[in-house]
Amino acid sequence: MHRSLEFKNLPLTVVGIRFAILPGQTLDLASCANLFEGLRPSGFDQMVDSDEVESAPGQSVVFRLGRNPILIRRSRDNVAVKVQPEVLAVQWRSTPRVEVPYPRYQTLREVVVSVFRTLSITSEHVNALNMSYTNEPELESRSSEASVCRFISPTFVPTGLQSRKEFHQLELAWRDDDGTDLRLLVQSIQRRSEEPDLRLRLHTVAGRFLEGRDVLENLDAVHDRLQTFFKELITQEAKQEWGYVEHELFN
């Protein structure tokens, strides 16, 4: 059973799980082809090149080594597996103008299990992992009061940012006592569209170095910490606007 917060209309756009794979574990094109065949029975129906490179958990720099990442996608729920040298990712993305609900953590976890089984990857092959959520609520203006202070608890917003006419970005990162790394990135962004579309990008990340520990147990722990972090992070106004239900599901 896994902790799961319940919202009726969360502005969720991206959910990602990433694994840093130790050198020596082959993630080449042949591995991608075998993985695609292994995932076909569970509905994965596309394999394409991707221009977006994932940063490895535990690293702040994105490296592009040789070929583009390979994306293996399942059309029915927008879940995808991304394979690149020394990084594996499982992710979900919203689709503009087409409602495809987030299928929840358990679905992504099941895909992780299938990927590791197909590629014969074990906990000993994984150096670090992280999980992230990205939400993008609409904004009426870039002022601190109408953007970061509207959605983010004052605990996480420096006093000097709380009364500015134009908010751009806030980034915080720290490590919990249990070794879980947490990161918060908040940005005001302008989406490219025909109509002005001003939004707040709220990106939360939790991760761990494994040091030989069980990968799934630590993934579950990271997911649960990310849930409690989000509940602590957002304001009461945000909870009301996004339809937060005052109980936690375990699924």
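Predicted, not measured: the structure shown is a model, and the values here were computed from it. (Residues numbered from 1 in each chain as written. Predicted model: local features only at pLDDT ≥ 70, side-chain atom pairs only at ≥ 80, totals over all residues. Heavy atoms only, no water.)

(A) The arrangement of the sheet that holds strand β2 (residues 12-21) in detail. Across the sheet, which stays open at both edges, the nine strands sit in the order β3-β4-β5-β6-β2-β7-β10-β9-β8 with antiparallel pairing between neighbours. Each having just a single partner strand, β3 (46-49) and β8 (169-175) make up the two edges of the open sheet. For this sheet, the mean inter-axis angle between neighbouring strands, taken without regard to orientation, is 15°. Two elements, β8 and strand β9 (residues 181-190), share seven bridges in a ladder whose sense is antiparallel. (Pairing = 2+ DSSP bridges. Helix = DSSP H or I, 4+ residues; strand = E, 2+ residues; numbered from the N terminus. Axes fitted to C-alpha atoms, helices over the stretch in contact; angles between N-to-C directions.)

(B) Here's a closer look at the pairing of strand β5 (residues 79-84). Burial runs high along β5: six of the six residues are buried. For strand β4 (residues 70-74) and β5, the ladder comprises five bridges, and the chain directions are antiparallel. The residue bridging R74 from the neighbouring strand is V79, located in β5. Joining the antiparallel neighbours β4 and β5 is a turn of four residues, in which N78 adopts a positive phi near 65°. (Buried < 20%, exposed > 50% of the residue type's maximum accessible area, 1.4 Å probe, protein only.)

(C) Main features of helix α1 (residues 29-39). Those residues of α1 that fall on the buried side of the exposure criterion are S31, C32, L35, F36 and L39. Within α1, the buried residues cover an arc of 140° as seen down the axis, which keeps them to one side. Where α1 is buried, its residues touch β3, β4, β5 and α2 (105-119). Sitting at the amino-terminal end of α1 is D28, which places a side-chain oxygen 3.3 Å from the backbone nitrogen of A30. (Arc of directions from axis to C-beta. Contact = heavy atoms within 4.5 Å. Polar contact = N/O pair within 3.5 Å; in protein donor to acceptor, adjacent residues only side chain to side chain.)

(D) The arrangement of helix α4 (residues 215-233) in detail. The terminal C-alpha atoms of α4 lie 26 Å apart, and with 19 residues this matches the ideal 27 Å at 1.5 Å per residue to within 8%. Restricting attention to buried positions, one finds in α4 the residues V215, N218, L219, D220, V222, H223, R225, L226, Q227, F229, F230 and L233. Backbone nitrogen of L216 and a side-chain oxygen of the N-cap are separated by 3.1 Å at the start of α4; the cap is D214. (Expected span 1.5 Å × (residues − 1).)

(E) Representation of the pattern of salt bridges. Enumeration according to the criterion identifies 17 salt bridges in this entry. Between E54 and K82 there is a salt bridge; the shortest N-O distance is 3.1 Å. Of this pair, E54 sits in the loop between β3 and β4 while K82 sits in strand β5, and the two are 28 residues apart along the sequence. In this structure, E54 and K82 share a single accessibility class: buried. (Salt bridge = Lys/Arg side-chain N within 4 Å of Asp/Glu carboxyl O.)

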